[in-house]
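# Structural overview
Residue strings, one per chain:
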Amino acid sequence: MKKLFIIANWKSNKTIEEAEQWFHDFAEKLKSDSSNIENKEIIVCPSFILFEHARYCSNNLKLPIRFGAQNISPFDKGAYTGEVNGEQIKEFAQYVIIGHSERRKNFSETNEMLKQKVLMAKKYNLMPIFCIQNQDSPVPQEIDVIAYEPPTAIGTGNPDTPENAQRVAKIVKERTGVANVLYGGSVTSSNVKTFTNMPDIDGLLVGGASLDSLEFLAIIKNA
Ligand code: PGA
């Protein structure tokens, strides 16, 4: 049975109080039924401001989750106002999302900058979840996990077809040699299984549906 990566990308959402409630509800529901979570790497990616409290909640509630950052500075520590660097992220997270289409579009992140971000992640032993938009998107060296996220599927309620996602995942694996390809874009608890049934899809990157802890848990269980 393949191991699945199930990633919650909260994007720019949630206050500390809302995050606390999310962990609390997740833990309550998991306590009543913890079936179908084995062989799944559950990763939550909150805003930086939430990290400290999110870790506290997760430890306290003994949740089987790991943390990821949604971004990383392309620079090491130093005079880079507003940036959060790899050494800082390493204190809280094991993973980092790099190359999300929202960052490419809204923050003009270039392929060159993304390469720098991957280098920084590697320097601090953070595993990049590298996002690509189509089968031809460039992928830097030494990536272990790719997330295929067609922009038309993100936040639209209009996911790619599982057959096309499988086709792209297979092509990308052959082209890059990367072992794990995830799918992202309008994943819900109702459609998740149609993607994870595909032989070359090794998990999901979930945005909107991950903001509700019970829906996210249902995605994990149905995956
Ligand atoms: P969505 O976002 O699940 O809300 O479509 C996915 C993503 O952007 O990672």
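One can find the structure itself at the top, above this paragraph.
An account of the accompanying structure is given in this report.

## Describing the site of the ligand
- In the region of the ligand, 13 residues are neighbours, and K11, H100, E149, G155 and S186 sit closest.
- Take K11: an N or O atom from its side chain is 2.7 Å from an oxygen atom of the ligand.
- Here the residues of the shell around the ligand are counted per class, giving four nonpolar, seven polar and two charged.

## Details of the packing of aromatic side chains
- Scanning the entire structure with this criterion turns up 14 aromatic pairs.
- Between F5 and Y95 the ring centres are 6.4 Å apart and the planes differ by 85 degrees, which places this aromatic pair in the edge-to-face class. Residue F5 is located in strand 1 (residues 4–9), and its partner Y95 is located in strand 4 (residues 95–98); the two are separated by 90 residues in the primary sequence.
- For Y95, a relative accessible area of 7% corresponds to the buried category.
- Between the aromatic rings of F51 and F92, the centroid separation amounts to 5.6 Å while the plane-to-plane angle is 10 degrees, which identifies the pairing as stacked. One end of the pair, F51, is in helix 2 (residues 51–60); the other, F92, is in the loop between helix 3 (86–90) and strand 4, with 41 residues separating them in the sequence.
- Assessed through its relative accessible area of 3%, F51 is described here as buried.
- We note K14 situated over the ring of W10; from NZ or CZ to the ring centre the distance is 5.3 Å.
- Here the basic side chain of R103 rests over the ring of F107, its NZ or CZ set 4.3 Å away from the ring centre.

## Observations concerning the sheet that holds strand 1
- Strand order around the closed barrel formed by eight strands is 1-2-3-4-5-6-7-8, with parallel pairing between neighbours. Strand-to-strand twist across the sheet, computed as the mean angle between neighbouring axes with direction ignored, equals 25 degrees.
- With four bridges connecting them, strand 5 (residues 127–132) and strand 6 (residues 145–148) associate as parallel partners. Within strand 6, the position partnered with I129 by the bridge is V145.
- Docked against the sheet, helix 6 (residues 162–176) engages strand 5, strand 6 and strand 7 (180–184), running at close to 145 degrees with respect to strand 6.

## What about the packing of helix 1 (residues 16–32) against helix 8 (residues 213–222)?
- Look at helix 1 against helix 8: their axes get within 8 Å of each other, and the N-to-C directions meet at 45 degrees. Comparing their axes, helix 8 and helix 1 come out oblique. As helix 1 packs across helix 8, the resulting crossing turns out to be right-handed. Two secondary-structure elements touch here, helix 1 through W22, D25, F26, K29 and L30 and helix 8 through S213, L214, F216, L217 and I220.
- When grouped by side-chain class, the residues that make up the contact of helix 1 with helix 8 number seven nonpolar, one polar and two charged.

## Some thoughts on the pairing of strand 2 (residues 40–45)
- With six of six residues buried, strand 2 is to be regarded as a mostly interior element.
- Along strand 2, one buried face is formed by K40, I42 and V44 and the opposite face, lined by E41, I43 and C45, is buried too.
- Of the pairings in the sheet, the one linking strand 1 to strand 2 comprises six bridges and is parallel in character. Across the sheet, the residue bridging to I6 is I42, located in strand 2.
- Following the chain from strand 1 across helix 1 to the adjacent parallel strand 2, one finds a crossover that is right-handed.

Cut-offs used in this document
Residues numbered from 1 in each chain as written. Predicted model: local features only at pLDDT ≥ 70, side-chain atom pairs only at ≥ 80, totals over all residues. Heavy atoms only, no water. Near = heavy atom within 4 Å. Polar contact = N/O pair within 3.5 Å; in protein donor to acceptor, adjacent residues only side chain to side chain. Nonpolar A, V, L, I, M, F, W, Y, C, P; charged D, E, K, R; others polar. Phe/Tyr/Trp six-rings, centres within 6.5 Å; stacked < 30°, edge-to-face > 60°. Helix = DSSP H or I, 4+ residues; strand = E, 2+ residues; numbered from the N terminus. Buried < 20%, exposed > 50% of the residue type's maximum accessible area, 1.4 Å probe, protein only. Lys NZ or Arg CZ within 6 Å of the ring centre and 35° of its normal. Pairing = 2+ DSSP bridges. Axes fitted to C-alpha atoms, helices over the stretch in contact; angles between N-to-C directions. Contact = heavy atoms within 4.5 Å. Parallel < 35°, antiparallel > 145°, perpendicular 65-115°, else oblique. Left-handed = near helix turned anticlockwise from the far one by under 90°. Right-handed = clockwise from strand over helix to strand, strands pointing away.

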